[in-house]
Each structure stands twice: as structure tokens, then as C-alpha cells.
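Listed here are the chains, written in short residue letters.
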Amino acid sequence: MLSDPDYAQTPKPAINYLGIQTPISIQKKVYRLSWSTHPDASLYKQEYLVAGDDFPKYKSMVGIDFVLTESSVDQAVANKLRELDNLKRTNPIVNYEVIKNPATGEKIIDCLIGNNADNESDNLVERDVFRFKAVKTKSGQRGILLFMISNRKYGSEITPFLTKLKVEKQLLVNEVAKLAMPEIQLKN
């Protein structure tokens, strides 16, 4: 989601801390592990890009975060919503919707974020779909798994993207909701 200054991508080899089988396929695109971090004992972050994309100016990315915690999905979603609401104070191009699955206890946040740069070609719109699920690792540890897909458009690509999004908005949400979530096998 836009750039998180605490976890800036560095050009070192990615480590598959989560033991996820790759590649990941979604939206008829194939994503390969491109970046990872394990900054503390409870947090694991992995990001996947399609061939030809690179940080920081990617077009499509899958992110998978796992936090060892006894917190609930509701608490994790509330944290993300606070983050989005804080961003909204300084960024008028923040909009989101929360979708609940009462049968599974999972929640999805579908959001749109962007910026207004001085130069139109530097403008950016990002659509993120976050899926939160309480899981147990293969070794029995509890946590929250966050699966995210991010699609970005820049400059002159923004208006056609937003027009198309009005018609196809639900397609990505449905695909993410039905996606088989990866089984987590932690590696330190």
C-alpha cells in the first residue's frame, strides 16, 4: 500500500520465510517472490511481482503478511482502517469498503489510494484488496494472515483504469475471496 517507510524494499535476495509454494497465480498473472522481511519475532512480510515489474514503480503486486498474535481478525482490520483513516486526513484519494464473510470470520478491505503530484506523469492510483484470516501454522502457532493484491496505474493510465474499475470492481474482490489461502510453515 503506497510506500511504508518502515519496510522499504532493499535489493537483497528474498527469503521465503512463510514456506509458501510459489509462484502465486491470480488475475491470470504469475507472481514470484521478490522481497521479504522478518523484522521482529512476530512479523513476516513477503511481496511478489510479475515478470517485468520492479519496486518501487510496480504495476501489480501480491503481498502476504503473517503476524504471530492472539488478536482477532476484527482487531487486525480495525488497525488497518485506522491506518487508512489517518492517511485520508492528508490524502483525499483514499476510499475503502469492508466486506465481511460471517461464515468464515474473514474480512476484506477493498480500497483505493492515490496521490496528486506536481507532474501528471507522476500521479498514481493504487487499488488494494486486503483479505484477513485467522490461521494456525503447520507447527500450531496462531496468527493473522493478510493476503493483499495491489494494482497501480500511473499518469495517463489513471482515468481509463478508474472507468474500468466502476464496471469490474467486484471481480477482483470475488477472486480474492475465493482464493485458497496459503498454508504457513515458518522459517527463521
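Described in the following lines is the structure provided in the data block. (Residues numbered from 1 in each chain as written. Predicted model: local features only at pLDDT ≥ 70, side-chain atom pairs only at ≥ 80, totals over all residues. Heavy atoms only, no water.)

Examining helix H2 (residues 158-178)
- The sharpest bend along H2 measures roughly 70° and falls at Val 167.
- Ile 158, Phe 161, Leu 165, Leu 172, Val 173 and Val 176 are the residues of H2 that are buried. (Bend = angle between axes of the 7 residues up to and from the residue. Helix = DSSP H or I, 4+ residues; strand = E, 2+ residues; numbered from the N terminus. Buried < 20%, exposed > 50% of the residue type's maximum accessible area, 1.4 Å probe, protein only.)

Details of the packing of aromatic side chains
- Applying the stated criterion to the full structure yields 3 aromatic pairs.
- Between Tyr 44 and Phe 66, the aromatic rings sit 6.5 Å apart at their centres with planes inclined by 40°, giving tilted as the arrangement. Within this pair, whereas Tyr 44 is found in strand S3 (residues 43-49), its partner Phe 66 is found in strand S4 (residues 60-68), the two being separated by 22 residues in sequence. Here Tyr 44 matches Phe 66 in class, with each residue buried.
- Across from the ring centre of Tyr 154, 4.9 Å away, lies the NZ or CZ of Lys 57, which sits over that ring. (Phe/Tyr/Trp six-rings, centres within 6.5 Å; stacked < 30°, edge-to-face > 60°. Lys NZ or Arg CZ within 6 Å of the ring centre and 35° of its normal.)

Examining the layout of surface pockets
- Approximately 420 Å³ is the volume found for the second largest pocket.
- Along the wall of the second largest pocket there are 18 residues; nearest its centre are Gln 27, Asn 151, Phe 161, Lys 164 and Glu 168.
- Secondary structure elements with two or more residues in the lining of the second largest pocket: strand S8 (142-154) and H2.
- The greatest single-element share of the lining of the second largest pocket, amounting to 8 residues, is contributed by H2.
- Across the lining of the second largest pocket, the residue classes break down as 6 nonpolar, 3 polar and 9 charged. (1 Å grid on protein atoms, 1.4 Å probe; cavity = no way out; pocket = protein on both sides within 12 Å on 5 of 7 lines; lining within 4 Å. Points joined across faces, edges and corners; volume = space filled by probe spheres on them. Nonpolar A, V, L, I, M, F, W, Y, C, P; charged D, E, K, R; others polar.)

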